[in-house]
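Residue-level listing of the chains:
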Amino acid sequence: MALCVGLTGGIGSGKTSVSRIFAELGAGVVDTDEISHTLTGPAGMAMEAIRLAFGDEFIAPDGALDRAAMRTLIFTDSTAKARLEAILHPMIRSRALLATLQSEAPYTMLVAPLLLETGSYEEVVKRVLVVDCEERMQIMRTMQRASLSEEQVRAIMANQLPRKARLARADDIIVNNGSLDDLREQVQTLHQAYLALAKS
């Protein structure tokens with residue numbers, strides 16, 4: 001099997017930007033968030049199970065998951081979060097593993113926000129790449145991107161590994177506190193290293 005690098009980082013750290021640059025350079029990219037959105041989109045494979053578990057009030061008019069309603073529920077009810085994860089995580093995992101195994105790229109990035117928290121992909125991930133940035137930047141970026149309050153962003157961050165623990169488990173680290181050019185330079189350096197590893 002080709003080299004698989006697990007790409008992770010806290011919310012708002014810049015995982016999507018990093019994975020996009022890797023893809024431009026020729027890496028395979030399997031994004032668990034994208035898989036999740038497909039599963040919970042209109043006619044998504046997870047939608048009937050979600051309807052049965054939570055009811056029609058969490059289904060948008062187009063048949064997709066009403067993300068705002070579900071986010072509000074999860075924010076106040078940890079058991080609801082566990083029920084949703086029990087539906088989604090096995091589906092996401094099976095599709096991500098299949099896509100990783102089928103990748104024909106020189107190496108593949110498996111993008112998983114909870115890579116280290118769940119340990120779900122240990123059998124395929126050979127290196128862990130953590131995208132890191134200052135906490136205040138995480139909060140600001142997420143509030144702008146997702147229209148969330150600071151309280152909501154901090155609640156999400158509380159469900160992720162603490163920054164120090166995440167960095168301690170990284171094989172490679174990209175620091176995303178600067179410009180896009182700086183980010184691109186770090187990715188290009190790692191891309192060359194991963195190409196060499198994939199050939200060894």
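As shown above, the structure is provided for reference.
These figures come from a predicted structure and were not determined experimentally.

So, on to the sheet that holds strand β1 (residues 3-9). Strand order in the open sheet formed by five strands is β2-β3-β1-β4-β5, with parallel pairing between adjacent strands. A strand with exactly one partner marks an edge of an open sheet, and here the two such strands are β2 (28-31) and β5 (172-175). Each neighbouring strand pair of the sheet contributes to a mean axis angle of 25 degrees, computed without reference to strand direction. Where β1 and strand β4 (residues 127-132) come together, five bridges link them in parallel fashion. Note that in β4 the partner of L7 across the bridge is L129. Along the sheet, helix α1 (residues 15-24) makes contact with β1, β2, β3 (107-111), β4 and β5, crossing β1 at roughly 155 degrees.

Within β3, five of the five residues are buried, which leaves the element mostly enclosed by the surrounding structure. Neither face of β3 is left uncovered, since the one carrying Y107, M109 and V111 and the one carrying T108 and L110 both have all their residues buried. Pairing between β2 and β3: four bridges, direction parallel. Counted as the bridge partner of D31 is V111 from β3.

Our next topic: the environment of S200. Mapped onto the secondary structure, S200 falls in the segment after α10 (180-199). Considered as a pair, S200 and L3 are 197 residues apart in the sequence and their alpha carbons are 9.9 Å apart. A polar atom in the side chain of S200 sits 2.7 Å from the backbone oxygen of L197.

Generally, phi is negative for residues other than glycine and the peptide bonds are trans, each holding for most cases. Even without being a glycine, A43 presents a positive backbone phi close to 65 degrees. Mapped onto the fold, A43 is located in the loop between α2 (32-39) and α3 (47-54). Among the residues examined, A43 registers a relative accessible area of 78% and is labelled exposed.

Rules of the game
Residues numbered from 1 in each chain as written. Predicted model: local features only at pLDDT ≥ 70, side-chain atom pairs only at ≥ 80, totals over all residues. Heavy atoms only, no water. Pairing = 2+ DSSP bridges. Helix = DSSP H or I, 4+ residues; strand = E, 2+ residues; numbered from the N terminus. Axes fitted to C-alpha atoms, helices over the stretch in contact; angles between N-to-C directions. Contact = heavy atoms within 4.5 Å. Buried < 20%, exposed > 50% of the residue type's maximum accessible area, 1.4 Å probe, protein only. Polar contact = N/O pair within 3.5 Å; in protein donor to acceptor, adjacent residues only side chain to side chain.

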